[in-house]
Amino acid sequence: MRAKPSLPASPRKSTETDTTPARFLADLGRQQLAVATDAACALLRGSEAMRAIQHQAAHEASLRHQAAAQKLHDHCEPADLLAIQSDLLRFDLLGATQYWQQITATALQSQVEMMANATHLLDNEQGGALKSAMESFQAAIASGNGFFAGKPTATAPPTRT
């Protein structure tokens, strides 16, 4: 599978306004969309690679079976029939084994690429900004910021006596 490296995100300069809850939520949404889009790209590249593997395996099997069919159309001895069938079986089993190994390797590579896209947020410089923004966000919630304040408790309706 040919992995096309995703373009590195341009580092953003952190300013005082970057830690406001509204700015944080907007940036968090952008980062989530970027990670989801990178994951979709990795998934689609993996799908393309798997399709190429399927195409190659089918093409090779088609060529083998065409050659066997041509041999069977010609006059051949009973021992030749057994040899043709055993060769087909042997090459088909070998081809199936190679096919599944390639498909598995491609699927694993796609998964690793998708996980790398998700974890890069916390592993690089942007992760520090994300962590500090999350800490600021949590502090804003804890301090009783009016935007994040809970609903006022309703008074119980008067009871009839």
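This is a predicted model, so every value here is computed, not measured.

## Details of the overall build of the chain
Phase 1 of the analysis: Within the chain one finds three helices and zero strands.
Phase 2 of the analysis: Along its sequence from the N terminus, the chain presents helices and strands in the succession α-α-α.
Phase 3 of the analysis: Out of the 161 residues in the chain, the part that is buried amounts to 19%.
Phase 4 of the analysis: Within the chain, counting contacts between residues at least 6 apart in sequence, those at least 24 apart form 78% of the total.
Phase 5 of the analysis: By element, 62% of the accessible surface of the chain is carried by carbon and sulfur atoms, the whole surface being about 12300 Å².

## Side note on the pattern of salt bridges
Phase 1 of the analysis: Per the counting criterion, the structure on display carries three salt bridges.
Phase 2 of the analysis: In this structure, Glu113 engages Arg45 in a salt bridge whose closest nitrogen and oxygen atoms are separated by 2.0 Å. Within this pair, whereas Glu113 is found in helix α2 (residues 78–123), its partner Arg45 is found in helix α1 (residues 21–73), the two being separated by 68 residues in sequence.
Phase 3 of the analysis: With a relative accessible area of 13%, Glu113 lands in the buried category.
Phase 4 of the analysis: A residue is classified by how much of its surface remains accessible, and Arg45, at 12% relative accessible area, is buried.
Phase 5 of the analysis: Between Arg64 and Asp92 there is a salt bridge, and its shortest N-O distance comes to 3.2 Å. Of this pair, Arg64 sits in helix α1 while Asp92 sits in helix α2, placing them 28 residues apart in sequence.
Phase 6 of the analysis: Classification of Arg64 as partly exposed rests on a relative accessible area of 23%.

## Things to note about the packing of aromatic side chains
Phase 1 of the analysis: Inspection of every chain in the model, using the stated rule, returns one aromatic pair.
Phase 2 of the analysis: An angle of 80 degrees between the planes, with centres 4.9 Å apart, marks the rings of Tyr99 and Trp100 as edge-to-face.
Phase 3 of the analysis: Owing to a relative accessible area of 16%, Tyr99 belongs among the buried residues under this scheme.
Phase 4 of the analysis: Lying over the aromatic face of Phe91, Arg90 brings its terminal NZ or CZ to 4.4 Å of the ring centre.

## Side note on the confidence of the model for the chain
Phase 1 of the analysis: Of the residues in the chain, 63% have a pLDDT of 70 or more, and the chain-wide mean is 78.
Phase 2 of the analysis: Of all the helices and strands in the chain, helix α3 (residues 125–142) carries the lowest mean pLDDT, 62, while α1 carries the highest, 90.
Phase 3 of the analysis: A low-confidence stretch, residues 13–17 stays under pLDDT 50, and its non-local contacts, those more than four residues away or across chains, total two contacts.

## Examining the environment of Gln54
Phase 1 of the analysis: Mapped onto the fold, Gln54 is located in helix α1.
Phase 2 of the analysis: On the basis of relative accessible area, Gln54 is assigned to the partly exposed category, the value being 35%.
Phase 3 of the analysis: With 49 residues separating them along the chain, Gln54 and Ile103 place their C-alpha atoms 8.4 Å apart.
Phase 4 of the analysis: Not counting residues up to four positions away in its chain, the partners in contact with Gln54 are Tyr99 and Ile103.

What counts, and at which threshold
- Residues numbered from 1 in each chain as written.
- Predicted model: local features only at pLDDT ≥ 70, side-chain atom pairs only at ≥ 80, totals over all residues.
- Heavy atoms only, no water.
- Helix = DSSP H or I, 4+ residues; strand = E, 2+ residues; numbered from the N terminus.
- Buried < 20%, exposed > 50% of the residue type's maximum accessible area, 1.4 Å probe, protein only.
- Contact = heavy atoms within 4.5 Å.
- Areas by Shrake-Rupley, 256 points an atom, 1.4 Å probe, with all protein chains shown as cover.
- Salt bridge = Lys/Arg side-chain N within 4 Å of Asp/Glu carboxyl O.
- Phe/Tyr/Trp six-rings, centres within 6.5 Å; stacked < 30°, edge-to-face > 60°.
- Lys NZ or Arg CZ within 6 Å of the ring centre and 35° of its normal.
- pLDDT = per-residue confidence, 0-100.

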